[in-house]
Amino acid sequence: AAAYKSHSGGILDVLEDLKEKAEEQLTGLRKAETNAKHNYEMLKQSLEDQVAADSKDMDETKAAKAAAEEAKATAEGELVETVRELANSKSALETVSSDCMQSAADHEATMKARAEELKVIAEAKKILV
């Protein structure tokens, strides 16, 4: 029985050592798991923040694009109107220029005729006087 008792003490010591090692490993693994979970949560939060910021930037970009497209459409409409007004103005200028040239020619002819009339009247006065 004494021999049995001495062997059981060694087994108990081995089992006690195994238990301590297992508890140390368990504590280390729990600590590693806690750190890994914390790192995961930090990464998750960082990615969620980045997604939110990117979504906000995308929304702002979409709004700016829509505003630019609206401004472009307005500018194109104004361009069409301005081109039409320019064509009408050129046509009016041609008409006015033509009328002006005709009036100038008519005035020149009237002035020549008047000068001739005055010349004839002056000659008639000389003859009568």
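*Asks:* Explain the overall build of the protein here, please?
*Replies:* The secondary structure content of the protein amounts to one helix and zero strands. In terms of overall size, the protein is more extended than a compact globule, its C-alpha atoms giving a radius of gyration of 54 Å where 129 residues would be expected to give roughly 14 Å. Split into buried and exposed, the 129 residues of the protein put 0% on the buried side. One finds the centroid of the 18 positive side-chain charges in the protein at a distance of 4 Å from the centroid of its 27 negative side-chain charges.

*Asks:* I'm lost on a negative patch on the surface in this one. Help?
*Replies:* Together, Asp13, Glu16, Asp17, Glu20, Glu23 and Glu24 line one region of the surface with negative charge. For Asp17, the position within the fold is in helix H1 (residues 2-128). On the accessibility criterion, Asp17 (45% relative accessible area) is partly exposed.

*Asks:* Please clarify how the pattern of salt bridges should be interpreted in this entry.
*Replies:* It is possible for side chains bearing opposite charge to pair when their charged atoms get close. Counted according to the given criterion, the structure contains three salt bridges. The shortest N-O distance in the salt bridge between Arg84 and Glu81 comes to 2.2 Å. Linking Arg84 with Glu81, this pair stays in helix H1, spanning three residues, or about one helical turn. You can call Arg84 partly exposed: its relative accessible area is 45%.

*Asks:* So what exactly am I meant to see when it comes to a nonpolar patch on the surface here?
*Replies:* On the surface, Ile11, Leu12, Val14, Leu15 and Leu18 cluster together into a nonpolar patch covering about 490 Å² of accessible area. Mapped onto the elements, Leu18 comes out in helix H1. Residue classification places Leu18 among the partly exposed positions, given a relative accessible area of 49%.

How each quantity is defined
Residues numbered from 1 in each chain as written. Predicted model: local features only at pLDDT ≥ 70, side-chain atom pairs only at ≥ 80, totals over all residues. Heavy atoms only, no water. Helix = DSSP H or I, 4+ residues; strand = E, 2+ residues; numbered from the N terminus. Rg over C-alpha atoms; globule rule 2.2 N^0.38 Å. Buried < 20%, exposed > 50% of the residue type's maximum accessible area, 1.4 Å probe, protein only. Lys, Arg positive; Asp, Glu negative; His and termini not counted. Charge placed at Lys NZ, Arg CZ, Asp CG, Glu CD. Patch = residues over 30% accessible without salt bridge, like charges linked within 9 Å, V, L, I, M, F, W, Y side chains within 5 Å. Areas by Shrake-Rupley, 256 points an atom, 1.4 Å probe, with all protein chains shown as cover. Salt bridge = Lys/Arg side-chain N within 4 Å of Asp/Glu carboxyl O.

The values are spatial; any link to function lies outside them.
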